[in-house]
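Per-entry structural report
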Amino acid sequence: MESLIEEAKQLAEQGIKELILVAQDTSVYGKDIYGESRLHELLENLCKIDGIQWIRLLYCYPENITDKTIEVMAKEEKILHYLDMPVQHGSDTVLKRMGRRSTAKLIKEKVAKLRKLMPDITIRTSIITGFPQETGEEFGELAEFVKEVKFDRLGVFTYSQEEGTPAAEMDGQIPEELKEERKEIIMDIQRNVSA
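Structure report, in brief. Owing to the predicted nature of the structure, the values given are computational and were not obtained by experimental measurement.

Before going further, it helps to examine the packing of helix 3 (residues 39-47) against helix 4 (residues 67-75). Following both chains from N to C, one finds helix 3 and helix 4 inclined at 20 degrees, their axes separated by 8 Å at the closest point. With respect to helix 4, the axis of helix 3 lies roughly parallel. Judged by the twist between their axes, the crossing of helix 3 over helix 4 is left-handed. Contacts between helix 3 and helix 4 involve Leu39, His40, Leu43 and Glu44 from the first element and Lys68, Thr69, Val72 and Lys75 from the second. Of the residues in the contact of helix 3 with helix 4, the class split is 3 nonpolar, 2 polar and 3 charged.

Right, dumping it as structure tokens:
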């Protein structure tokens, strides 16, 4: 943490106004070093640096965002009420196949907590359609999830087989045409939400 604070001070001295904290999962910052997430502590320290005006968080997985982090985000004026929270899907069975530890219920609860403490928060997410074995019913769960949660910004991607990943070897690969069709349906839903 000391080295990150020092780097942020140097950036501030160079006239940098905004810090963007980004990692594979920013919400677990410190777990490897301290045995627990210390993102809230890092944020508090970064907010004390003169010259830094805005702090933005990217890639915070919902299952790892702590109440302490949410409270610091709500309390500290320098922390933008913006969160990039990749959820990937809204069906528990698909999330499990993806190896995610989230559930649709957990994601909804986290979003509700964020919005309760920061009514003006912008939550951005990304969704994947056509993950191997995605059934029509699971896709329907995703569509309802997107309608219900009403993300402020949402990107949709079709699943692509990445060599060497467990999903690439799974049975039930979805045809490209169906992936694209499902992507467009989610985008239509999101256009209505955004409107």
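To continue, consider the pattern of salt bridges. Here the structure, examined in full by the defined rule, presents 15 salt bridges. With a shortest N-O distance of 3.3 Å, Lys105 and Glu109 are connected by a salt bridge. Taken together, the residues Lys105 and Glu109, both in helix 6 (residues 104-117) and 4 residues apart, mark about one turn of the helix. Given a relative accessible area of 57%, Lys105 falls into the exposed group.

So, about the environment of Leu43. With respect to the helices and strands, Leu43 occurs in helix 3. Among the residues examined, Leu43 registers a relative accessible area of 0% and is labelled buried. Beyond its immediate sequence surroundings of up to four residues, Leu43 is in contact with Leu21, Ile55, Leu57, Thr69, Val72 and Ile79.

On the surface, Ile20, Val22 and Tyr59 cluster together into a nonpolar patch covering about 280 Å² of accessible area. As for its placement among the helices and strands, Tyr59 is situated in the loop between strand 2 (54-57) and helix 4. Looking at Tyr59, the relative accessible area reads 38%, which means it is partly exposed.

With that settled, consider the pairing of strand 5 (residues 153-158). Side-chain direction in a regular strand flips from residue to residue, so the side chains alternate between the two faces of the sheet. Pairing between strand 4 (residues 122-129) and strand 5: 6 bridges, direction parallel. Residue Ser126 lies in a different strand from strand 5, and its bridge partner there is Gly155. Between strand 4 and its parallel partner strand 5, the chain crosses via helix 7 (residues 136-149), and the hand of that crossover is right-handed.

The rules behind these values
- Note that residues are indexed from 1 along each chain, following the sequence as it is written.
- Thresholds applied to this predicted model are a pLDDT of at least 70 for local features of residues and 80 or more for the giving and counting of side-chain atom pairs; totals over whole chains, interfaces and linings are not thresholded and use all residues.
- Neither water nor hydrogens contribute to the side-chain values; these are computed over all heavy atoms in the structure.
- For helices, the axis comes from a line fit to the C-alpha atoms of the stretch in contact; other axes are also lines fit to C-alpha atoms, and the angle between any two N-to-C directions lies between 0 and 180 degrees.
- Helix and strand labels come from DSSP, where a helix needs a run of H or I of at least four residues and a strand needs a run of E of at least two; each type is numbered from the N terminus.
- When an angle is under 35 degrees it counts as roughly parallel; over 145 it counts as roughly antiparallel; between 65 and 115 it counts as roughly perpendicular; any other value is oblique.
- By convention, the crossing between two helices is left-handed when the near helix turns anticlockwise from the far helix through less than a right angle, and right-handed when the turn is clockwise.
- Any pair of residues with heavy atoms lying within 4.5 Å of one another is described as a contacting pair.
- Residues are sorted three ways: Asp, Glu, Lys and Arg are charged, Ala, Val, Leu, Ile, Met, Phe, Trp, Tyr, Cys and Pro are nonpolar, and all the rest, Gly among them, are polar.
- Whenever a carboxyl oxygen of Asp or Glu lies within 4 Å of a side-chain nitrogen of Lys or Arg, that contact is scored as a salt bridge.
- Each residue's exposure class comes from its accessible area (1.4 Å probe, protein chains only) as a fraction of the maximum for that residue type: buried when under 20%, exposed when over 50%, partly exposed otherwise.
- Each patch groups residues whose relative accessible area exceeds 30% and which form no salt bridge, using 9 Å between like charges and 5 Å between nonpolar side chains of Val, Leu, Ile, Met, Phe, Trp and Tyr.
- Accessible surface is estimated by sampling points in the Shrake-Rupley manner with a 1.4 Å probe; for residues, cover comes only from the protein chains shown.
- Strands qualify as paired when DSSP identifies two bridges or more between them.
- When the strands point away from the viewer and the path from the first strand over the helix to the second turns clockwise, the crossover is right-handed.

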